[in-house]
Amino acid sequence: MNRYKKLSHVIYYHNYHIVWTPKYRYRVLEGVLKDLLDNDIRMLCEWKGAEVLELSIQRDHVHMIVSVPPRVSISELTGTVKGKTAIKIFKSYPALKKKPYWGNHFWSRGYCSSTIGLDEEKIRKYIQYQEDKSNKKKPNNSILASFRGQLLKPPSQKVDYLFASWYRKAAK
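Residues numbered from 1 in each chain as written. Predicted model: local features only at pLDDT ≥ 70, side-chain atom pairs only at ≥ 80, totals over all residues. Heavy atoms only, no water.

Enquirer: Sorry, what's going on with the sheet that holds strand β3 (residues 15-20) here?
Expert: Strand pairs in the sheet, formed through backbone hydrogen bonds, run parallel or antiparallel to each other. Strand order in the open sheet formed by four strands is β4-β5-β3-β6, with antiparallel pairing between adjacent strands. Only two strands of the sheet have a single neighbouring strand rather than two, namely β4 (51-57) and β6 (112-115). Within the sheet, the average angular offset between the axes of one strand and its neighbour, ignoring direction, is 15°. Across six bridges, β4 lies against strand β5 (residues 62-67) in antiparallel orientation. (Pairing = 2+ DSSP bridges. Helix = DSSP H or I, 4+ residues; strand = E, 2+ residues; numbered from the N terminus. Axes fitted to C-alpha atoms, helices over the stretch in contact; angles between N-to-C directions.)

Enquirer: What am I meant to see in the pairing of β3 here?
Expert: Note on strand geometry: in a regular strand, side chains alternate between the two faces of the sheet. Among the six residues in β3, six count as buried, and that is most of the element. The alternating pattern of β3 places Asn15, His17 and Val19 and Tyr16, Ile18 and Trp20 on opposite faces, both of which are buried. Pairing analysis gives six bridges linking β3 to β5, with the strands arranged antiparallel. Among the inter-strand pairings, valine 19 is bridged to a residue of β5, identified as histidine 63. Of the strand pairs in this sheet, β3 and β6 are connected by four bridges, and their pairing is antiparallel. Bridge pairing in β6 links tyrosine 16 to threonine 115. (Buried < 20%, exposed > 50% of the residue type's maximum accessible area, 1.4 Å probe, protein only.)

Rendered as structure tokens:
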């Protein structure tokens with residue numbers, strides 16, 4: 001596999017490991033919400049021209065290895081992904097927004113980002129190990145108890161038009 005990617009005037013190898021968490025690191029990223037996020041993160045990265053190499057959504061954080069073209073900054077990509085997914089989550093599950101500790105913010109303010117060089121394989125194994133390790137733990141559903149009815153329902157069709165319109169613009 002060739003590591004380097006090409007655009008019209010540049011050859012690059014920009015792989016990043018990015019990690020971010022929900023606000024207060026609540027364990028809500030499971031079930032339907034996890035599937036929704038997986039799909040939307042991949043779609044938004046594609047829209048920005050980035051390629052998701054690995055994506056692992058744990059109950060309380062998200063790991064992503066992504067190849068980013070030089071014209072897109074990491075802060076721009078992460079801000080877009082976190083912002084657009086938060087909007088869609090709150091539109092799909094309005095009960096989450098009503099809790100006093102969420103407000104209008106689903107994700108915590110920051111994120112962790114590091115470049116990947118020769119140790120890419122070690123980082124991939126670490127992310128996969130995290131997923132295996134978290135699957136062995138007992139689930140803690142105390143936080144999800146109040147959202148149980150809302151998270152089992154699929155998101156409304158009204159929310160999908162947001163992503164469809166952004167995706168159509170990017171495809172032109």
